[in-house]
Amino acid sequence: MNATKQIMLDEWRYWQRTKLATTVIFIGVVLTLASVVVNTIEVRQAADERKHFQQVSESRFLEQPDRHPHRMVHYGHYVFRAPSPLSMIEPGVDAYTGTSIFLEGHRQNSATFADQRQSSGLTRFSSLSPAFLMQVLVPLLMILVGYACITREKEAGTLNIMLTQGVKKREVLTGKFLALVGSGLLVLLPLALASIWASVTGESIIVTTGFVVGYFLYILIWGAIVLWVSTFSSRKNTSFASLICLWIALCILIPRISSSTAASIVPSPGKLEADFAVLEELRKLGDGHNASDPAFNQLKANLLAKHNVNDIADLPVNFRGVVAEYSEEKLTKVLNQFAEIRMQEEVSQAEIARHFGWLSPTVSIRTFSMMMAGTNLETHHRFLREAEALRYEFIQSLNHVHQHKLDYHTDINRYRDDVVARVDAGNWNILSSFSFEPQPGMARLHQSLLYSLQLLFWCIVTLLLIKRASRRMEQ
Amino acid sequence: MIRFSDFSRETIFLSRQPYVLIFLMIVLALSIFSVWSGIAETQAQQNTIESLLEKDNVDRAQALEKQSSYGSAAYYSFHLTYFPPSPLAFAAMGQRDIYPWKHRIRMLALEGQIYETDADNPELSFLGRFDFAFLISVLMPLFIILLLHDIRSSEREAGRFDLLIVTARNQHTLWTARALVLSIALMLVLLLPLFVGAAIMQASLSKTVLMALITLAHLLFWGAITITVGKLMAMRGQSSPRIASALLALWLTLAVIVPVVSDTAINKTVKSPNGGDLLLLQRETVNDAWDLPFSDTWDAFLSKHPDWAEHTQMESSFEWKWYYAFQQVGDQKTEDLSNAYRNAIAKKDTAAGVVAFFSPPMMTQRLMTSLADTDITASLGYEQRVRDFHQSLRYFYYPLLFNKSEFNLQVMDDLPRFLP
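We now turn to the structure provided with this report. (Residues numbered from 1 in each chain as written. Chains lettered and ligands numbered in written order. Predicted model: local features only at pLDDT ≥ 70, side-chain atom pairs only at ≥ 80, totals over all residues. Heavy atoms only, no water.)

Now for the sheet that holds strand 1 (residues 77-80) of chain A. The antiparallel open sheet is built from three strands, whose spatial order is 1-2-3 (chain A). The open sheet has two edge strands with one neighbour each: strand 1 and strand 3 (107-108) of chain A. (Pairing = 2+ DSSP bridges. Helix = DSSP H or I, 4+ residues; strand = E, 2+ residues; numbered from the N terminus.)

In structure tokens form, the structure reads like this:
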């Protein structure tokens, strides 16, 4: 154990002497720290802003004057998605999905105003997020610091001296490994602090711990990769060139190839295609604005029979409201069916890309980190579903008001000058308030299980590789 | 002067280096993949547009059949607008996965419709595409660094340096010839798939050549830097990994740090109206109109369309002409905010163009997407075409609505058509 510690300390002293390594680590720490600070501020601002908009939107709805209930169906409502606390570290898909949705009758709108559509377009390859720095740059920093950790000793002949002096090979390797991992951990520190901060501001502790552990594993994996290459290479130059090639392949190429492959294998037809299918279905269902549409004859007959009257004017409820409620229900079923298909398509596309995690630890950590931070595709879908549930609820409540609070006779004469077809504004408080809460910690842990397995798989693979390389080193 | 014999000698030398050959084959494979996936995606988009166009016509015809007034015809008929990928889009997908390239609109207030996006899978956008532009702008510099950083130092470290210097006619020509052969080989494996792809997609020759020239310029930049830095550092006795580390640091600065820091700075300095404000204002103005006196709507409407001043009398408390008038007034009232929103995007894009002068990878990316019509300018251009088309719909319907023409389905044959 003492020898291991000694080797680790020697490596650090060597870095200190050569300056290169210390410069690299320093830059890494400063970059992560800066990005953590910038992102924390930005996420806070965004959170406050969206909360504000949500309140404005809700109070505007409640402040609306007396009017026809169906007008409120079209007046609609806006919901805004609050960012998850960990999105200051891992913004994930948030910048690419819209953060607000307009909810109205008869339609499911898409989320609008994605940040990327308001950006300079400079951040398509890289971003200042701590997650990007950890996933892509930290491996490079570790390579620059450690590519020669064994090859240097080999070239100088000091490795043989150490071994003949009785230092065990395992101790050498462990010492170097710990030294390398230590450099990665220094860069992880700002991220860990930010995670603690996220816990303080309400994120579940299981999640933040898991999140940091995931990144810790990632650093272990890269430490092991660097050590492995340095162990099997005979010269500094080869270990350097091989590591850079590996870095390009694992950190830059495979993630991109994963998304291009997914897009090519499962082309998604997009929302518009589904819109047509929806419209076609809707024409069969009948237009809910037009109570005399033949599509509602059956409904009318049933209702007349139920109340034992001959004319819709004699019904105890407003038939136009009944039709509005009925057709909204049918229509929502169709809309949801298509929305579910589309979300399913998106998820299966994403899953193809995520399977590349078996080929690159960067893909694994990226997926893991999004899942844990709650900035993944599924969370966006959850937002869409929750928004839809709210939409359906308040639209149907308004239709209910339409049925029971507005007289049929007044309603059909609503455009006549002497008729006031309105209901009291007090009815608008049917709107429940919307707040998008992060999923419970255990659920997120459960979702990211597969990706933590990918990370563990990488840990095992790299450790086995080192073992093999060390056996060869003996000969 | 470099002679042909220098070239052939170096070519033969390098072709016997298995690492160099494997490396070039991998780059060729990557280039083929980038072009293939680009073409697959472009074709998927073209197919989508074709099938949407077909469905759009059927859908509108079906919707119009049921109508009995021009007002409801305008309300129920949607129009597909689209932005087909240019022939070169396969090489640089640019912003097409973020900005919409298809939209269905109708004659209601445009501001309530235009921000709807039928965007791509956000997770794939987040991961980014592996297109040719990415290969050239981000990865090619790394390839050049790997290939060229140690042409001197590796020989020195292999102990052949002195021998080579003694036997070579002129040591300068030796390195130049070797660097040239490597660069040309890299250039060939990168560009061959591009030319094949351009031929398949029938891209214009001049634009393809320009695309190749951008590649060449970017290659020259990194080649020159790598060789200069390599030479200077090798003369000081620095090892190959140190040379490469310095070059990688430069790459990191130019390809990552400069764009990312500038992006943050641009977002801080260019003030953009909040999308949320735009949404709320648009909705309020359109919905308030129902409760306002008719004259409010008419006054605002007539300020832009005085021609209809004689036709604003209302016979019922709901008339389609009034309905569309307040839709237009809604657009008028949000116009400033909406313009500011788009101007901010354009301003940020311009600022990014300035930043690109300090970041050759960004410059390459921008030039390529601009050639392929997949940049922000092209997307804003599409949005403008949608706006113009929407305007033409209004000009088509207003006479029919204000003159109280009897509904005639045949008139609908003259509906404006969107031309991309």
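Counting residues at the interface gives 97 residues for chain A and 98 residues for chain B. In total, about 8600 Å² of surface goes out of reach between chain A and chain B, with carbon and sulfur atoms giving 61% of it. Taken together, the connections running from chain A to chain B amount to seven salt bridges. With a closest N to O distance of 2.8 Å, aspartate 97 of chain B and arginine 124 of chain A form a salt bridge. The tally of links between chain A and chain B comes to 17 residue pairs in polar contact (both at pLDDT 80 or more). (Contact = heavy atoms within 4.5 Å. Buried area = accessible area lost by both parts, 1.4 Å probe. Salt bridge = Lys/Arg side-chain N within 4 Å of Asp/Glu carboxyl O. Polar contact = N/O pair within 3.5 Å; in protein donor to acceptor, adjacent residues only side chain to side chain.)

Time to look at unusual backbone geometry. Positive phi, normally seen in glycine, also occurs at asparagine 308 of chain A, with a value near 60°. Along the chain, asparagine 308 of chain A falls in the loop between helix 11 (297-307) and helix 12 (319-355). Using a relative accessible area of 70% as the deciding quantity, one classes asparagine 308 of chain A as exposed. A positive phi angle is found at glutamine 202 of chain B, which is not glycine, with a value near 55°. Of note, glutamine 202 of chain B is situated in the loop between helix 8 (171-200) and helix 9 (205-235). (Buried < 20%, exposed > 50% of the residue type's maximum accessible area, 1.4 Å probe, protein only.)

All names here are of chain A. Together, Lys467, Arg468, Arg471 and Arg472 line one region of the surface with positive charge. Inspection of the secondary structure assignment puts arginine 468 in helix 17 (residues 449-474). Residue classification places arginine 468 among the exposed positions, given a relative accessible area of 52%. (Patch = residues over 30% accessible without salt bridge, like charges linked within 9 Å, V, L, I, M, F, W, Y side chains within 5 Å. Areas by Shrake-Rupley, 256 points an atom, 1.4 Å probe, with all protein chains shown as cover. Lys, Arg positive; Asp, Glu negative; His and termini not counted. Charge placed at Lys NZ, Arg CZ, Asp CG, Glu CD.)

Once that is clear, we can look at the side chain of glutamate 116 of chain B. By the element assignment, glutamate 116 of chain B lies in the loop between strand 2 (102-105) and helix 4 (122-127). Assessed through its relative accessible area of 15%, glutamate 116 of chain B is described here as buried. Leave out the neighbours within four places in its chain, and glutamate 116 of chain B touches Asn109, Ser110, Thr112 and Lys271 of chain A together with His103 of chain B.

Before going further, it helps to spend a moment on the packing of aromatic side chains. A complete count under the given rule lists 52 aromatic pairs over all chains for this structure. Seen from their ring centres, phenylalanine 383 of chain A and phenylalanine 434 of chain A are 6.1 Å apart, and the 65° between their planes marks the pair as edge-to-face. Here the residue phenylalanine 383 of chain A occupies a position in helix 14 (residues 377-405), and phenylalanine 434 of chain A occupies one in the loop between helix 15 (408-412) and helix 16 (441-447), the gap between them amounting to 51 residues. No difference in accessibility class separates phenylalanine 383 of chain A from phenylalanine 434 of chain A, as the two residues are buried. An aromatic cluster is built from Tyr75, Tyr76, Trp290, Phe294, Phe318, Trp320, Trp322, Tyr323, Tyr324 and Phe326 of chain B, whose rings are joined through pairwise contacts. Here the basic side chain of arginine 96 of chain B rests over the ring of phenylalanine 83 of chain B, its NZ or CZ set 5.1 Å away from the ring centre. (Phe/Tyr/Trp six-rings, centres within 6.5 Å; stacked < 30°, edge-to-face > 60°. Lys NZ or Arg CZ within 6 Å of the ring centre and 35° of its normal.)

Turning our eyes to something else, we now look at the packing of helix 12 of chain A against helix 14 of chain A. All names here are of chain A. The interhelical angle for the contact between helix 12 and helix 14, taken along N-to-C directions, is 180°, at an axis separation of 10 Å. The angle between helix 12 and helix 14 places the two elements in the roughly antiparallel class. For the contact of helix 12 with helix 14, the class distribution of residues is ten nonpolar, eight polar and eleven charged. (Axes fitted to C-alpha atoms, helices over the stretch in contact; angles between N-to-C directions. Parallel < 35°, antiparallel > 145°, perpendicular 65-115°, else oblique. Nonpolar A, V, L, I, M, F, W, Y, C, P; charged D, E, K, R; others polar.)

Our next topic: the pattern of salt bridges. According to the stated counting rule, one finds 36 salt bridges over all chains in the structure shown. The partner of aspartate 331 of chain B in a salt bridge is arginine 394 of chain B, and the shortest N-O contact between them spans 2.9 Å. Here aspartate 331 of chain B, found in helix 13 (residues 320-356), pairs with arginine 394 of chain B, found in helix 15 (residues 376-402); they are 63 residues apart in sequence, far enough to count as distant. Each member of the pair aspartate 331 of chain B and arginine 394 of chain B is classed as buried. Each of Glu11, Arg152, Glu153 and Lys176 of chain A takes part in salt bridges that share partners, so that together they form one network.

Note that all results are geometric; they support no functional claim without further evidence.
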